[in-house]
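# Per-entry structural report
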Amino acid sequence: WRTVSDEPSTGPSLGLGTVHKGPEGYRVVYVNDVGHDTITGEGPYEYPEGTVIVKEQYDDRAAWESGEGAEVTVSLKTADVPDAGGENWQWAAGYKANAGDSEFCSSCHSIPFAKDYVFSNATYLAEQEARKTSN
């Protein structure tokens, strides 16, 4: 597993609302080797089957620094599954949950449709960083 960025993402984000701990939350994104080159590259972002993306979400900076109280969500790029939503992405809320289609997850993740339903790629993180430094 590798982290997608050196620092956690935080602050407002398109479509974020209150999910993933909202704008005040600190989010650390990890990816397996299968999806690493895609998520850290310059696009197009077309993730291969078997990509797993794990997001740890903390209430705030203090929680992230202490490493306590993280919630975890998992995204899994599957093979072609008939009637699967989200272009064959499945989601799970926690390490022990079963991954499956989720209208809730796919409704937000359809915003970055052109980036294969993934927000936290190299382009997005650079845009977020630019917004922070311009404020």
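Up top is the structure these notes are about.
This report concerns the structure included in the present document. Note that the coordinates shown come from a computational prediction; the quantities given were computed from them, not determined experimentally.

What counts, and where the lines are drawn
Residues numbered from 1 in each chain as written. Predicted model: local features only at pLDDT ≥ 70, side-chain atom pairs only at ≥ 80, totals over all residues. Heavy atoms only, no water. Helix = DSSP H or I, 4+ residues; strand = E, 2+ residues; numbered from the N terminus. Buried < 20%, exposed > 50% of the residue type's maximum accessible area, 1.4 Å probe, protein only. Contact = heavy atoms within 4.5 Å. Areas by Shrake-Rupley, 256 points an atom, 1.4 Å probe, with all protein chains shown as cover. Polar contact = N/O pair within 3.5 Å; in protein donor to acceptor, adjacent residues only side chain to side chain. Salt bridge = Lys/Arg side-chain N within 4 Å of Asp/Glu carboxyl O. Phe/Tyr/Trp six-rings, centres within 6.5 Å; stacked < 30°, edge-to-face > 60°.

Turning our attention to the overall build of the protein chain. What the protein chain contains, in helices and strands, is four helices and six strands. Sorting the 135 residues of the protein chain into buried and exposed places 42% on the buried side. Considering only contacts within the protein chain whose residues lie at least 6 apart along the sequence, 48% involve residues at least 24 apart. Carbon and sulfur atoms make up 50% of the accessible area of the protein chain, which totals about 7,800 Å².

Glancing now at the environment of G94. In this structure, G94 sits in the loop between strand 6 (89–92) and helix 3 (103–109). On the basis of relative accessibility, which here comes to 15%, the residue G94 falls in the buried class. Excluding residues within four positions of it along the chain, G94 makes contact with V72, T73 and V74.

Residue placement: S75 occurs in strand 5 (residues 71–77). Residue class for S75 comes out buried when judged on its relative accessible area of 13%. Of note is the side chain of S75, whose polar atom sits 3.2 Å from the side chain of W91. Setting aside residues up to four positions removed in sequence, S75 forms contacts with T51, V52, I53, W89, Q90 and W91.

In this section: the pattern of salt bridges. According to the stated counting rule, one finds two salt bridges in the structure shown. D33 is the partner of R2 in a salt bridge, and the nearest nitrogen-oxygen pair spans 3.3 Å. A residue pair is termed long-range when its members are at least 10 positions apart, and R2 in strand 1 (residues 2–3) and D33 in helix 1 (residues 33–40) qualify at 31 residues. Among the residues examined, R2 registers a relative accessible area of 39% and is labelled partly exposed. Across the salt bridge formed by E65 and R61, the nearest N and O atoms sit 2.9 Å from each other. Taken together, the residues E65 and R61, both in helix 2 (residues 61–66) and four residues apart, mark about one turn of the helix.

For the coordinates displayed, the defined rule picks out two aromatic pairs. Relative to W64, the ring of Y26 lies with its centre 5.9 Å away and its plane at 20 degrees, an arrangement referred to as stacked. With Y26 in strand 3 (residues 26–31) and W64 in helix 2, this pair connects stretches of sequence that are 38 residues apart. Judged by its relative accessible area of 15%, Y26 is buried. Judged by its relative accessible area of 23%, W64 falls in the partly exposed class.

Nothing here speaks to function; it is all geometry.
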